[in-house]
Amino acid sequence: MRKLFILFSFIVWANTIVAQTDTTLSKQDKSLLDSMLNSDEFLSMFDDSARSYFDVSLGFGNGTFSTQNQAVNATGFTNQLVLTPALFYFFKSGFNLGVTGFLTNESGKLNLYQTGLTLGYGYDGNNISSGISYTKNFGDNKKYNGKSIYQNEVFAYFKYTKPFIQPGINLGFANGNFKQIDPFLYTPDTSVLIPNPRPILLQDSTNNKSNFFSISLTAEHNFEFENVFSKRDLLSINPVVMIIAARDYTATEHTTRFSGRLLNRFPKLRVYSKRRNETNTNKMQLQSIASSINITYGIGKFYIQPNVYFDYYLPETTGQRFSSIVGLTAGFTF
């Protein structure tokens with residue numbers, strides 16, 4: 001429809017010139033007009049819709065669970081290097097579809113522990129930027145102490161882009177099943193027979209169901225610089241500060257079974273050998289204050305994106321409060 005409107009406008013313009021000057025277009029003018037009408041670059045000036053394209057990339061960092069929601073990654077902070085190859089197709093309508101692999105080095109061998117299939121939609125208007133995505137993860141959740149603990153993830157964002165400091169809100173939800181073997185020390189009550197008995201290292205097997213919901217209030221600004229090193233490059237620097245509230249829930253089923261010999265020697269182990277359920281719930285609370293810096297440098301079809309995320313955990317904890325997640329992604333669009 002837009003092409004027909006442009007063609008109609010040029011026909012009217014050409015006829016107007018003919019009527020006013022009583023002349024006809026020269027062969028050169030006709031050739032120029034035909035070339036303009038057949039040029040995608042010329043038509044794109046009148047067409048504000050985005051083009052469809054592929055994006056292929058390879059990233060690495062210590063974000064274990066998600067490529068989008070760092071609040072989820074901060075709950076399972078690890079210093080282990082994770083590789084994330086990805087292939088996405090972005091439709092000009094705003095939808096996108098893609099696959100991401102999560103690989104890590106275990107016992108000297110590169111292991112694929114999770115694969116995520118993502119369907120999303122993004123909108124960029126004059127004053128508003130928003131989007132939503134759903135990721136289905138397939139991984140090693142049936143393996144004890146595997147890294148794939150979330151099988152479903154939903155992430156949505158909304159940002160008001162008109163002011164210099166752009167306010168926004170992120171919503172994230174993830175849930176899944178995973179299995180663990182938790183070692184613990186048991187000291188037998190044999191002090192009457194054996195002075196200072198040595199503790200025994202035992203293992204407790206569990207099946208777990210977990211979900212995590214987060215709300216992040218954000219403030220950011222995107223600095224863009226064109227023609228930094230050449231006429232075809234672009235540098236974008238995007239600092240963000242966040243206040244994150246979250247709720248998490250874990251239901252644990254103990255399935256440990258100890259041998260009859262151990263139970264005869266240490267009767268108190270019977271409490272661990274029985275099937276029992278436990279739940280651990282943290283109600284919605286202010287979880288952390290965070291910040292990130294995302295940098296993108298693109299030249300032609302190639303781009304590189306270093307990023308760093310800092311998170312300070314606020315509630316009382318015996319664990320680590322401060323965590324940092326770093327990453328580097330390089331890719332091509334075509």
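Above this text you will find the structure in question.
Residues numbered from 1 in each chain as written. Predicted model: local features only at pLDDT ≥ 70, side-chain atom pairs only at ≥ 80, totals over all residues. Heavy atoms only, no water.

So, the side chain of threonine 100
And then number 1: Relative to the assigned elements, threonine 100 resides in strand β3 (residues 95-106).
And then number 2: A relative accessible area of 5% means that threonine 100 is categorised as buried. (Helix = DSSP H or I, 4+ residues; strand = E, 2+ residues; numbered from the N terminus. Buried < 20%, exposed > 50% of the residue type's maximum accessible area, 1.4 Å probe, protein only.)

Remarks on the nonpolar core
General note: in soluble globular proteins, nonpolar side chains tend to be found buried as a group.
And then number 1: Of all hydrophobic cores here, the largest spans 16 residues; its most connected members are Val72, Tyr150, Phe212, Met242, Ile244 and Tyr309.
And then number 2: Broken down by secondary-structure element, the contributors of at least two residues to this core are α4 (70-75), β7 (166-186) and β10 (233-254).
And then number 3: If you tally residues by element for this core, the top one is β10, at 4 residues.
And then number 4: Those residues within four positions of phenylalanine 212 in sequence are excluded, and the remaining contacts are Ala71, Val72, Thr75, Tyr150, Gly172, Phe173, Ala174, Ala246, Arg247, Asp248 and Gln287.
And then number 5: With 7 residues, the next largest nonpolar core counts Tyr186, Leu202, Leu263 and Leu269 among its residues. (Core = buried A, V, L, I, M, F, W, Y, C linked by side-chain atoms within 4.5 Å. Contact = heavy atoms within 4.5 Å.)

Points about the pairing of strand β13 (residues 322-333)
And then number 1: Residues Ser323, Ile325, Gly327, Thr329, Gly331 and Thr333 point to one face of β13 and are all buried, whereas Phe322, Ser324, Val326, Leu328, Ala330 and Phe332, pointing to the other face, are not buried.
And then number 2: Pairing geometry for strand β1 (residues 53-61) and β13, over 7 bridges, is antiparallel. Directly across from leucine 58, in β13, lies its bridge partner alanine 330.
And then number 3: Pairing of strand β12 (residues 302-313) with β13 involves 11 bridges; the strand directions are antiparallel. Bridge pairing in β13 places asparagine 307 opposite glycine 327. (Pairing = 2+ DSSP bridges.)

With respect to the packing of aromatic side chains
And then number 1: Summed over the entire model, instances satisfying the criterion amount to 11 aromatic pairs.
And then number 2: Each ring, one from phenylalanine 310 and one from phenylalanine 322, has its centre 6.1 Å from the other, and the planes form 20°; the classification is stacked. Placement of phenylalanine 310 in strand β12 and of phenylalanine 322 in strand β13 is noted, with a sequence separation of 12 residues between them.
And then number 3: The exposure class of phenylalanine 310 is partly exposed, given its relative accessible area of 33%.
And then number 4: Among the residues examined, phenylalanine 322 registers a relative accessible area of 41% and is labelled partly exposed. (Phe/Tyr/Trp six-rings, centres within 6.5 Å; stacked < 30°, edge-to-face > 60°.)

Quick word on the environment of asparagine 207
And then number 1: Relative to the elements of secondary structure, asparagine 207 occurs in strand β8 (residues 200-220).
And then number 2: The spacing of asparagine 207 and lysine 142 is 65 residues in sequence and 9.2 Å in space, taken between C-alpha atoms.
And then number 3: Apart from residues lying up to four places away in sequence, asparagine 207 is in contact with Phe178, Lys179, Ala251, Thr252, Glu253 and Thr255.

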